[in-house]
Amino acid sequence: MSDKIQPRGSDDTTFAQPLYTPIKRRSFFMYAGATAGATALVLAGCSDDNEDVAPNNGIPLGAGDVGVLNYAYALEQLEAAFYAQVKALTPVGGTGLAQIEKDYFNEVAAHEAIHRDFFKAAINRDAPGKILQNLTPNFTNIDFTKRLKSASDTRLGVLDAAKAFEDLGVAAYNGAGKLIKTPAYLVIAGQIVSVEARHAAYVRELVTPGSFASDDIVDRVSGLDKAMTPVDVIAAAQGFIMEKLDASTVGK
Amino acid sequence: MDFFKIIDQLSEVDADVLGRFDSRRAVFGSLGTAAKRSALAAAPLFLGALFQKAYAGTTATPVEVLQYALALELFEQDFYKKVQASAQYTTASAADKAAIDQIKRHEDAHATLLAGAIRGLGAVPVTGVTFKQAAFAGLVTFKTGPAATTQLGVAQLLEDTGVRAYKGRAGELLGTDLLTVALQIHSVEGRHAAKIRGMRGQRAWVNPADDLAAHPVYTSGVTAGSTPGAFGLVVPPYTAASPREDNTVQSNVPITTGLGTPYTAADAQASFDEFLQVAEVLDNSRAGIFIGA
């Protein structure tokens, strides 16, 4: 994007102020005029990609709203790849998943694949040429033959990994919400994060009954779920992705 | 006509004109649609509507949004308080009781947190939002039997509605730290909804096979008897029904057919929760009918 919309900075804590100063907002509309498309509007909240960063920081997810979308796309790619492998499992007794669990995971696999494909379609539509590449998952630390890891296992079982991915996804969307500048994108993120929360609660109940919103994930005093920054989330997810990702400009 | 010149001229006279547009989020949707159609002929009409909307009212303040959230939390809190005090609860399993206790603890925490935030912004928190005693008396069992007469059946409606209600106002907190807090509450409501659904033997996510799938909560917008203004809540103008839970189109993308890979309607519905506007949440077809003494 040629247009420069600056991050709102200190406005974040000043609720009564308009979201942007008038002059910035004017350039927002001027940009929309220059491209005469609805999609330009949804892009208008994005600042330039800072692609002149040091080369070894990894693949940049991008800045502004496109960065947030690519960030979500990266996480959904990871989740979708994981559940695709779960879906391919043959249910067996003992270490495998029960049939009802497998049936429900097949549905979760579809939800995550939909999220991934939706972001792909939305980014290609609203920010042509800016989409994050296809990522290569690295699941060597997951033992897909185990329902749950035992104390002696070094690798995660299927449910351990699913719980980690779902809780991380919830924290990621919760933390990314305020970085979003386009209301329509915020609505979409909100529509997805509650589904991730439903998944998280479901998986947690399988791991430990009664832990759907236990004190280790929902603060007992404030009653709040976790929220994490993109950099922290990518750091946590990086071990499951072959490509190194740079989330430092997401939302900026 | 030069749309952008008009905007510029207006912004010279009224420096906040663009703020007014932004405060009316719905305008962005209309603008996008209109621009996409390239309907130049319709532009003057559309612009008239745009300006009318921009100046028609003031935007909701963060306090109004927080009061609304607090009212819903108080309502849920009172519901679970009534559950805990009921004979049905005493006969529930230890695991089910523990889940209700944990959910109630969160609703307490949310109410305390929101009331504190409202006081911090210099306003007086709403109080006295309760679950109607007569309606509660009709919930004859804890979880067995028809959903509409069980405590957990109604709990599912309340939690799913709560999830939708937070979504409906998140945009009014765009870019603020309050938004983060609202989202952190919102996902907890999602976890609650999933657990209640599990306790009832339903899927954790919205599904056409749900026993409540045909309930007005999932299938319609405002029906009748809206209760705006109760507890001093500000109800933003309501113009069109929010998408139903069986919606399969998101951001103009048909999820079942538009993503390259075909997906079932059930999966498309379940992969996105929908939002609800204030008037819909407070309507008698949803939470409104249960709110009262």
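This text goes with the structure placed above it.
These notes cover the structure that comes with them. Values in this document were obtained by computation on a predicted structure and should not be read as measured data. (Residues numbered from 1 in each chain as written. Chains lettered and ligands numbered in written order. Predicted model: local features only at pLDDT ≥ 70, side-chain atom pairs only at ≥ 80, totals over all residues. Heavy atoms only, no water.)

1. Points about the overall build of chain B
Turning to step 1, where the next piece is worked out: Helix and strand counts for chain B stand at 13 helices and two strands.
Turning to step 2, where the next piece is worked out: The buried share among the 293 residues of chain B stands at 54%.
Turning to step 3, where the next piece is worked out: Nonlocal contacts in chain B, meaning residues at least 24 apart in sequence, comprise 73% of its contacts between residues at least 6 apart.
Turning to step 4, where the next piece is worked out: Split by element, the accessible area of chain B, about 11,500 Å² in all, is 61% carbon and sulfur. (Helix = DSSP H or I, 4+ residues; strand = E, 2+ residues; numbered from the N terminus. Buried < 20%, exposed > 50% of the residue type's maximum accessible area, 1.4 Å probe, protein only. Contact = heavy atoms within 4.5 Å. Areas by Shrake-Rupley, 256 points an atom, 1.4 Å probe, with all protein chains shown as cover.)

2. Quick notes on empty space enclosed by the protein
Residue and element names in this part refer to chain B.
Turning to step 1, where the next piece is worked out: Across all of its chains, the model carries five cavities of 30 Å³ or more by this definition.
Turning to step 2, where the next piece is worked out: In this structure, the largest cavity spans a volume of roughly 110 Å³.
Turning to step 3, where the next piece is worked out: Looking at the lining of the largest cavity, the elements with two or more residues in it are α5 (62-84), α9 (151-170) and α10 (177-199).
Turning to step 4, where the next piece is worked out: When residues of the lining of the largest cavity are assigned to their parent elements, the largest contribution, five residues, is made by α5.
Turning to step 5, where the next piece is worked out: Residues that form the lining of the largest cavity fall into these classes: 14 nonpolar, no polar and one charged. (1 Å grid on protein atoms, 1.4 Å probe; cavity = no way out; pocket = protein on both sides within 12 Å on 5 of 7 lines; lining within 4 Å. Points joined across faces, edges and corners; volume = space filled by probe spheres on them. Nonpolar A, V, L, I, M, F, W, Y, C, P; charged D, E, K, R; others polar.)

3. Side note on the packing of helix α4 (residues 99-126) of chain A against helix α5 (residues 158-176) of chain A
Residue and element names in this part refer to chain A.
Turning to step 1, where the next piece is worked out: In contact at an axis separation of 14 Å, α4 and α5 are set at 40 degrees when each is read in the N-to-C sense. Taken together, the axis directions place α4 and α5 in an arrangement best described as oblique. Where α4 crosses over α5, the handedness of that crossing is left-handed. The residues of α5 that touch α4, namely those facing F105, V108, E112 and F119, are L159, A162, E166 and Y173. (Axes fitted to C-alpha atoms, helices over the stretch in contact; angles between N-to-C directions. Parallel < 35°, antiparallel > 145°, perpendicular 65-115°, else oblique. Left-handed = near helix turned anticlockwise from the far one by under 90°.)

4. Some points on unusual backbone geometry
Residues and elements named next belong to chain B.
Turning to step 1, where the next piece is worked out: The phi angle at S251 is positive, at roughly 50 degrees, despite the residue not being glycine.
Turning to step 2, where the next piece is worked out: Positionally, S251 belongs in the loop between β1 (249-250) and β2 (253-254).
Turning to step 3, where the next piece is worked out: The phi dihedral of N252 falls on the positive side, at around 65 degrees, and the residue is not glycine.

5. Quick word on the nonpolar core
Turning to step 1, where the next piece is worked out: Judged by nonpolar contacts, the single largest core of 131 residues is most densely connected at A:F82, A:F105 and B:F79.
Turning to step 2, where the next piece is worked out: Not counting chain neighbours up to four residues away, the residues in contact with B:F79 comprise B:F131, B:F136, B:L139, B:Q151, B:V154, B:A155 and B:L158. (Core = buried A, V, L, I, M, F, W, Y, C linked by side-chain atoms within 4.5 Å.)

6. Some thoughts on the packing of aromatic side chains
Turning to step 1, where the next piece is worked out: Counting across every chain of the model gives 20 aromatic pairs over all chains.
Turning to step 2, where the next piece is worked out: Considering the side-chain rings of A:F82 and A:Y83, the 4.9 Å spacing of their centres and the 70 degrees angle between planes classify their relative orientation as edge-to-face.
Turning to step 3, where the next piece is worked out: According to the relative accessible area criterion, A:F82 is buried, its value standing at 0%.
Turning to step 4, where the next piece is worked out: Plain terms: the ring middles of A:Y83 and A:F105 are 5.8 Å apart, the flat faces sit at 25 degrees to each other, and that makes the pair stacked. One end of the pair, A:Y83, is in helix α3 (residues 64-87); the other, A:F105, is in helix α4, with 22 residues separating them in the sequence. For the pair shown, A:Y83 and A:F105 are each scored as buried.
Turning to step 5, where the next piece is worked out: Across from the ring centre of B:Y89, 5.8 Å away, lies the NZ or CZ of B:K97, which sits over that ring. (Phe/Tyr/Trp six-rings, centres within 6.5 Å; stacked < 30°, edge-to-face > 60°. Lys NZ or Arg CZ within 6 Å of the ring centre and 35° of its normal.)

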